[in-house]
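# Secondary and tertiary structure notes
One-letter residues, chain by chain:
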Amino acid sequence: MERTYVTIEGKSRGYYLLVTLLGLGSVSLLVSFIVSYLKGQQVWGVSNIIPWGQLIIFYIYFIGLSAGAIIISSLSYVLKWDFYKPITRLAVFMGILLMLGAMFFVFVDLGRPEKFWRLFGYYFLNNMTSMFVINSIFYVVYMTLMVFYLWLIFENKKKWAAIVGTLDVIWAISVHMGTGAIFGLIGNREIFFSPIKPFEFLAAALTSGTSLIILTTLGVFKFTGRHIRQDLILSLGNLLSWLIYVLLVLVFVDKLTHLYFPGREPALYLFAGNYWWLFWVFQIGMGILIPLFLLIYPQTGRTVKGVSFASLSVIIGVFGERAALVIPGTAYPQHFFPGFMEGIWGKPGIFPVTVWESLLCLGIVSYIALLFVLGLKFLEILPAQEDEAIVAVEGSNPLLKKMG
Amino acid sequence: MESAVRLPILIQGSKSTRPEEEKMPKWAMVIDLDKCTGCQACIVACKAENNVPHGSPEEQRRRRDIYWNKIIAVTRGRYPKVQTELIPMPCMQCDHPPCVTVCPARATYRREDGIVIQNYRRCIGCKYCMVACPYGARSFNFRKQDEMEYHRPDLPPDPGSREVWPFPVRTQGVVEKCTFCFHRIDRGIREGKRIGVEVLPACVEACPSCAMAFGDLDDPQSPVSIAFGSRTAFRLREELKTNPKVIYLPR
C-alpha cells in the first residue's frame, strides 16, 4: 500500500494572513535591495576590515540548511528506510528553496550584482583556482539534481529517485564542503585557516538541517491539523544528538589546533575578544551544549517538546556558529609587522548591525518562506492523513533498531 | 649566450628603451625605514595622483575610507624606552598573490612585469580578495564618488598634464588597490624614459628623504637593485611565501 500525498487547501484565514505577512517581508527585500544598490554598501555594516557581513553569514547558513535537508531526505529513498517517507518530499522541497535563498544572498552581497551571471555563465573560463568558481559549478549541478530528484519523487519513479538521490547526497556533501573550503583555504586569516573546516561545515549543516526539518515538520503538520508520528520526531532527535557529538568533536579539534601552538592570539581573540559571545553563547552554548543536554536528559529527550526546543536551539546556535566564523575571522587584525601595531590598523574591527542589511536578510528569508508556503498549496508535498495500514508497512524507527 | 645578450644592458645602465620582447622587467620598490621620517608625503601624493577620496570622518570611523598606500605605526617597548616605526605600506605586488588566486572573475591579475592589477570592469565585488590579502592593501568602493572629488578645484586647470587615468573610471561596488602607478611606467616606457630614474611612482617621487627607490629588480644597475644589495633586507609576512616585491631595509 502506497502513501498518498496531497496539496493543502490554503483557504483558511491563518494561511492568508501568513502569505500576506511573508509577502510584506518580501517587499522589504525589494526596497532594501534598491536602496543598497543605489547608495552603495555604505548603508551596511561591512567595512574594509570586515568585508563580509550578515549576508555572507546567511549565505553559508542557508547552504548548510539545504545540504542538511537533502542528506536527511535521503534516509527514505537512498537508504530505503520507509519510516522517514512522510518527510522526504518536504525535505527535498526545502533543500531547493534554501539553496535558492543562498543564491539570493550571494547575489545581493556582490558590489556589482548585475555581473552575477558571470560566475554562473563562464564556468571553467573563470579563474578555476577560486573556490567561488568551483562552488558556482557545484551549485548549478546541485540545483539541477535537486529539481530532478523532486520531479522523480513526484512521478513516483522509485528506482530512479534512489539513483538520483544518491548522486544528490554525494553532491550535497561536496557542495557544503566546498563552501567550507572558501574559508578553510585562506591562509592569512588564522581563524579561518583549517583543513577540517569543510568537515566542520558539513557537521554543522547536518545538525542545522535536521533541526530545521524537525521544526518545519512539526509546524506544518500542526498548522494543517495533521497527525505526526511521535517516534519519527524522536528518532530524528536521536539522530540530531549523534550529529551534535560529531560537530562537538570537530569544533574541539579545530580550536585545539589553533590554541595549542604559541601562535594562539587569534584563537584567544575568538574566545575572549569583543565577539566572545558569538562563540561561547551561540556556537558552543546554543549550538552544542544546550541541545545535547535537552536530548540526552531522558525527561526532555524522549518528548516531542524537548526535541523541538533542542532543534530551535541548534537552529539559532548554528547561525551563531556561522557568524562566529565570518565576523571575528576578519575582525582580528592582521599583523603586518612584528611589534605592537598602534592605531586603527592594530585594533580589531567592529561590525555594526544596520537596518538595510538586516532588512535584506529578513526580506530574503521571508521570500523563501513565502515560496515554501505557496509550494505547499500547489505541490503535493504533504502526506495525506495517517493510516494505520501504512504505518504498519513502513515499520518502526530503523535507527533505534540498528542501535539495539 | 644569454649573458652575451644582456651585456650591453649592463653597460648602458637602467635604460628602458631596450626591445620589449627581450626581457620583461620586474618592477620592485625598496623602502629604507632608516631614512623614512614618517611624514606621510607618500600617502598624500598617492591620494592626489590617483584621486583616491579622502574619506569623511564618519567613513574613517567606520573604516570605509580607501587607502591605496597607508602608513602603520609599530611600537616596541614602553615609554620612556620606546621605539616607534612608521612603515609605508603600498600594495606589496606579490609574486604569488593570494588575491589573484581567489578572484573568481579574473578581475585581478598579475601583469608580466609583476604588477598586480585590478580590472574594475571585470570585478563583481565579491570582496574575496580583501579577505585573502595578507597586507590589507585592498579597499572596497562603498559609494559613488562625489563630483567634487573628480573635479578637484584645488588643482590648476591643466588637463594636458594628466592622462585619462584614473579619473573617469572609479566605480562604486568594486575593489581597488595600488597599481605601482603603472600609468606612469607605461607612459615612460612609450616615451623611452628611464624608469626608476626619470619616471617614478607618485609616492617614490614625493618622498622628501629619498627613502624609497623604484626600478627593475632584474637590472643590477637600477636604483632599486643597488638599494636592495646595500644592506640586509626583509619583506613583510615572509612566512606566507607570497614573495612581495616591496622590500624594506631595517632601521
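Residues numbered from 1 in each chain as written. Chains lettered and ligands numbered in written order. Predicted model: local features only at pLDDT ≥ 70, side-chain atom pairs only at ≥ 80, totals over all residues. Heavy atoms only, no water.

Turning our attention to the overall build of chain B. Secondary structure assignment for chain B yields 9 helices and 9 strands. Expressed as a percentage of its 251 residues, the buried residues of chain B come to 54%. Contacts spanning at least 24 positions in sequence make up 63% of the contacts within chain B whose residues lie at least 6 apart. On chain B, roughly 11700 Å² of surface is accessible, and the fraction owed to carbon and sulfur atoms is 55%. (Helix = DSSP H or I, 4+ residues; strand = E, 2+ residues; numbered from the N terminus. Buried < 20%, exposed > 50% of the residue type's maximum accessible area, 1.4 Å probe, protein only. Contact = heavy atoms within 4.5 Å. Areas by Shrake-Rupley, 256 points an atom, 1.4 Å probe, with all protein chains shown as cover.)

This brings us to the nonpolar core. Counting 193 residues, the largest nonpolar core has Tyr 59 and Phe 183 of chain A together with Tyr 248 of chain B as the members making the most contacts within it. Among the elements that line this core, the one with the most residues is helix H2 (residues 54-77) of chain A, at 17 residues. Contacts of Tyr 248 of chain B, omitting those with residues within four sequence positions, involve Ile 31, Leu 33, Ile 87, Pro 88, Met 89, Pro 90, Met 92, Thr 232, Ala 233, Phe 234 and Leu 236 of chain B. Grouped together as the second largest cluster of nonpolar side chains are 8 residues, Ala 28, Ala 213, Ala 227 and Leu 249 of chain B included. (Core = buried A, V, L, I, M, F, W, Y, C linked by side-chain atoms within 4.5 Å.)

In this section: the interface of chain B and chain A. Facing 51 residues of chain B, the contacting portion of chain A comprises 52 residues. Taking both sides of the interface into account, the surface hidden between chain B and chain A amounts to around 4300 Å²; carbon and sulfur atoms contribute 54%. Three residues stand out in chain B for area buried against chain A, namely Arg 63, Tyr 128 and Val 131 of chain B, and they jointly supply 19% of the buried area on that side. For the interface between chain B and chain A, the tally reads 2 salt bridges. Residues Glu 190 of chain A and Arg 237 of chain B are paired through a salt bridge, measuring 3.9 Å at the closest nitrogen-oxygen approach. The tally of links from chain B across to chain A stands at 41 residue pairs in polar contact (both at pLDDT 80 or more). Broken down by secondary-structure element, the contributors of at least two residues to the side of chain B that touches chain A are strand E2 (70-78), strand E3 (81-89), helix H4 (98-102), helix H5 (128-132) and strand E6 (139-140) of chain B. (Buried area = accessible area lost by both parts, 1.4 Å probe. Salt bridge = Lys/Arg side-chain N within 4 Å of Asp/Glu carboxyl O. Polar contact = N/O pair within 3.5 Å; in protein donor to acceptor, adjacent residues only side chain to side chain.)

Turning our eyes to something else, we now look at helix H7 (residues 182-190) of chain B. Owing to its 3.6 residues per turn, the α-helix aligns residues three or four sequence positions apart on the same side. Those residues of H7 of chain B that sit buried are Phe 182, His 183, Arg 184, Ile 185 and Gly 188 of chain B. Taken together, the buried residues of H7 of chain B touch strand E1 (27-32), helix H2 (41-50), strand E5 (116-118), helix H8 (202-206) and strand E8 (212-216) of chain B.

Attention shifts here to the sheet that holds E1 of chain B. Strand pairs in the sheet, formed through backbone hydrogen bonds, run parallel or antiparallel to each other. Residue and element names in this part refer to chain B. Pairing in this open sheet of 3 strands is mixed, and the strands run E8-E1-E9 from one edge to the other. Of all strands in the sheet, those with a lone pairing partner are E8 and strand E9 (246-249), marking the two edges. Direction aside, neighbouring strands of the sheet carry axes that sit 20° apart on average. Bridge analysis of E1 against E9 gives 4 bridges, and the strand direction is parallel. Note that in E9 the partner of Ile 31 across the bridge is Tyr 248. Across the sheet, helix H9 (residues 223-230) lies against E1, E8 and E9, angled at about 120° from E8, the strand it touches most. (Pairing = 2+ DSSP bridges. Axes fitted to C-alpha atoms, helices over the stretch in contact; angles between N-to-C directions.)

Here we take up the sheet that holds E3 of chain B. An order of E2(A)-E2(B)-E3(B) is seen for the 3 strands of this open sheet, with the pairing classed as antiparallel. What marks the edges here is a single partner per strand, and that holds for strand E2 (340-341) of chain A together with E3 of chain B. Judged from the 9 bridges that link them, E2 of chain B and E3 of chain B form a sheet pairing that is antiparallel. Bridge pairing links Arg 76 of chain B to Gln 83 of chain B in E3 of chain B.

What follows covers helix H1 (residues 13-39) of chain A. Residue and element names in this part refer to chain A. Between its first and last C-alpha, H1 extends 39 Å over 27 residues, near the 39 Å set by a 1.5 Å rise per residue. On its buried side, H1 packs onto helix H7 (197-223) and helix H13 (355-378). Just beyond H1, the residue with positive phi is Gly 40, at close to 90°. (Expected span 1.5 Å × (residues − 1).)

Our focus in this paragraph is unusual backbone geometry. In terms of backbone geometry, most residues other than glycine have negative phi values and most peptide bonds are trans. Residue and element names in this part refer to chain B. Cis rather than trans, the peptide bond between Tyr 79 and Pro 80 has omega equal to 5°. Along the polypeptide, Pro 80 turns up in the loop between E2 and E3. At Cys 210, a residue that is not glycine, the phi angle is positive and equals roughly 50°. Even without being a glycine, Lys 241 presents a positive backbone phi close to 60°. Within the element layout of this structure, Lys 241 appears in the loop between H9 and E9. For Lys 241, a relative accessible area of 63% puts it in the exposed group.

What follows is about the pairing of E2 of chain B. Direction of pairing for E2 of chain A relative to E2 of chain B: antiparallel, over a ladder of 2 bridges. Bridge assignment links Met 341 of chain A to a residue of E2 of chain B, and that residue is Val 74 of chain B. Here E2 of chain B folds back onto E3 of chain B, and the loop between the two strands holds 2 residues.

Turning next to a nonpolar patch on the surface. Residue and element names in this part refer to chain A. On the surface, a nonpolar cluster with roughly 540 Å² of combined accessible area is contributed by Val 27, Leu 30, Val 31, Ile 34, Tyr 37 and Leu 38. Considering the arrangement of structural elements, one finds Tyr 37 in helix H1. Judged by relative accessible area, which is 32%, Tyr 37 ranks as partly exposed. (Patch = residues over 30% accessible without salt bridge, like charges linked within 9 Å, V, L, I, M, F, W, Y side chains within 5 Å.)

Glancing now at the environment of Asp 216 of chain B. Structurally, Asp 216 of chain B is set in strand E8. Once the C-alpha coordinates of Asp 216 of chain B and Gly 196 of chain B are considered, the two residues, 20 residues apart in sequence, prove to be 7.5 Å apart.

Right, let's talk about the packing of aromatic side chains for a bit. Throughout the structure, instances matching the rule amount to 40 aromatic pairs over all chains. Ring centres 6.5 Å apart and planes at 75° place the aromatic pair Phe 58 of chain A and Tyr 61 of chain A in the edge-to-face group. Highlighted residues: Phe 58 of chain A and Tyr 61 of chain A, both in helix H2, separated by 3 residues, approximately one helical turn. Accessibility expressed as a relative area gives 6% for Tyr 61 of chain A, which makes it buried. For the pair Trp 27 of chain B and Phe 214 of chain B, a centre-to-centre distance of 5.9 Å together with 15° between the ring planes defines the contact as stacked. Here the residue Trp 27 of chain B occupies a position in strand E1, and Phe 214 of chain B occupies one in strand E8, the gap between them amounting to 187 residues. Taking the relative accessible area as the measure of exposure, Phe 214 of chain B reaches 1% and is therefore buried. (Phe/Tyr/Trp six-rings, centres within 6.5 Å; stacked < 30°, edge-to-face > 60°.)

The subject of this paragraph is the side chain of Asp 216 of chain B. A relative accessible area of 4% means that Asp 216 of chain B is categorised as buried. Polar side-chain contacts of Asp 216 of chain B include one of 2.8 Å to the backbone nitrogen of Lys 26 of chain B.

It is worth spelling out the packing of helix H8 (residues 230-260) of chain A against helix H9 (residues 265-272) of chain A at this point. Residue and element names in this part refer to chain A. Between H8 and H9, the least distance of the axes is 7 Å, while the angle of their chain directions is 125°. Classified by the angle their axes make, H8 and H9 are oblique. Counting all contacts with H8, which are made through Lys 255, His 258 and Leu 259, the residues of H9 involved are Ala 267, Leu 268, Leu 270 and Phe 271. Here the residues of the contact of H8 with H9 are counted per class, giving 5 nonpolar, 1 polar and 1 charged. (Parallel < 35°, antiparallel > 145°, perpendicular 65-115°, else oblique. Nonpolar A, V, L, I, M, F, W, Y, C, P; charged D, E, K, R; others polar.)

Okay, the pattern of salt bridges next. All names here are of chain A. Enumeration according to the criterion identifies 20 salt bridges over all chains in this entry. Residue Asp 254 is joined to Lys 255 by a salt bridge in which the shortest nitrogen-to-oxygen separation is 3.2 Å. The residues Asp 254 and Lys 255 share a single accessibility class, namely buried. The network of salt bridges with common partners includes Lys 197, Glu 200, Asp 254 and Lys 255.

Geometry only, nothing functional implied.
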